[in-house]
Amino acid sequence: MAGPTNDNVQDKLLNHTYDGIQEYDNPMPRWWLLTFAATIVFSVIYLFNIGPVGSGKGRIADYEADMAAYAKAHPAPTGGDMSSDQLLALVKDEEAMEEGKEAYTAYCASCHAPDGGGLIGPNLADAYWLHGGTIADIYKTVTIGVLEKGMPPWGKTLKPEQLSAVVAYVSTLQGTTPANPKAPQGTPVTP
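Heads up: these notes are all about the structure in this document. On a predicted model such as this, the values are computed, not experimentally measured, just so you know.

Moving on: the overall build of the protein chain. A count of helical and extended segments in the protein chain gives seven helices and four strands. Each helix (α) and strand (β) of the protein chain, taken in turn from the N terminus, gives the series α-β-β-α-α-α-α-β-α-α-β. Within the protein chain, the proportion of its 191 residues that are buried is 27%. Long-range contacts, defined as pairs at least 24 residues apart, comprise 59% of the intrachain contacts of the protein chain with a sequence gap of at least 6.

Here is the structure:
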């Protein structure tokens, strides 16, 4: 079937054929090209966040403000605040010590050994401590962790009563004799 013979239509036909098929030269509609150009301009403005686009101070400032508001409304759990006297009182509570031992076995023994002698983590049974050996220092270390040394912040994972129980249990390991103790690390602390 032959195409139309109108001269106006012939001007739009391309001067080549493929398998007997002729192709028309139909440019994109102008509205489509303008929309495409507008998206390119918008992407450059969005990428560089040039000034206040729309309302507000820009997307980065809005994001930072939203993150600060969320952090203020939802503070990170710290495990509660326990005084040294409260923690020392837990040492005398058999139920708390049993809960502390269970939590220690579940979360701490893989790095500090079941008897506190130290594996990857330091020895908890000797008098040498890297981050302070008082019960308040141990509580702080367990709660906020020491990420550069590989210890996670357990205050975000453990329930407050688990956290205080495990700290009380760890304080009872000091002065014990582990089967295979790791060499002392840190500075000596007298209880």
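Our focus in this paragraph is unusual backbone geometry. One non-glycine residue, Asp19, lies in the positive phi region at around 50°. Non-glycine residue Ala113 carries a positive phi angle of around 75°. In this structure, Ala113 sits in the loop between helix 5 (94–112) and strand 3 (128–129).

Before going further, it helps to examine a nonpolar patch on the surface. Together, Met28, Trp31, Trp32, Leu33, Phe36, Ile40, Val44, Leu47 and Phe48 give the surface a local cluster of nonpolar side chains, amounting to about 970 Å² of exposed area. Among the structural elements, Val44 can be located in helix 2 (residues 30–48). According to the relative accessible area criterion, Val44 is partly exposed, its value standing at 40%.

The next subject is the pairing of strand 2 (residues 21–24). The sheet contact formed by strand 1 (residues 13–18) and strand 2 spans three bridges and is antiparallel. By the bridge assignment for strand 2, Thr17 is matched with Gln22. Joining the antiparallel neighbours strand 1 and strand 2 is a turn of two residues, in which Asp19 adopts a positive phi near 50°.

In this section: the nonpolar core. Soluble, globular proteins show a tendency: their nonpolar side chains are buried together. Ranked by size, the top nonpolar core spans 26 residues in total, and within it Tyr104, Val142, Val166 and Val167 carry the most contacts. Elements with a minimum of two residues in this core: helix 4 (84–91), helix 5, helix 6 (135–144) and helix 7 (160–173). Top contributing element to this core by residue count: helix 7, with seven residues.

What follows covers the layout of surface pockets. Reported here for the largest pocket is a volume of approximately 520 Å³. Contributing to the lining of the largest pocket are 28 residues, with His112, Gly121, Pro122, Thr141 and Met151 lying nearest its centre. When residues of the lining of the largest pocket are traced back to their parent elements, those giving at least two are helix 5, strand 3 and helix 6. With five residues, the top contributor of residues to the lining of the largest pocket is helix 5. Here the residues of the lining of the largest pocket are counted per class, giving 17 nonpolar, eight polar and three charged.

Rules behind the numbers
- Residues numbered from 1 in each chain as written.
- Predicted model: local features only at pLDDT ≥ 70, side-chain atom pairs only at ≥ 80, totals over all residues.
- Heavy atoms only, no water.
- Helix = DSSP H or I, 4+ residues; strand = E, 2+ residues; numbered from the N terminus.
- Buried < 20%, exposed > 50% of the residue type's maximum accessible area, 1.4 Å probe, protein only.
- Contact = heavy atoms within 4.5 Å.
- Patch = residues over 30% accessible without salt bridge, like charges linked within 9 Å, V, L, I, M, F, W, Y side chains within 5 Å.
- Areas by Shrake-Rupley, 256 points an atom, 1.4 Å probe, with all protein chains shown as cover.
- Salt bridge = Lys/Arg side-chain N within 4 Å of Asp/Glu carboxyl O.
- Pairing = 2+ DSSP bridges.
- Core = buried A, V, L, I, M, F, W, Y, C linked by side-chain atoms within 4.5 Å.
- 1 Å grid on protein atoms, 1.4 Å probe; cavity = no way out; pocket = protein on both sides within 12 Å on 5 of 7 lines; lining within 4 Å.
- Points joined across faces, edges and corners; volume = space filled by probe spheres on them.
- Nonpolar A, V, L, I, M, F, W, Y, C, P; charged D, E, K, R; others polar.

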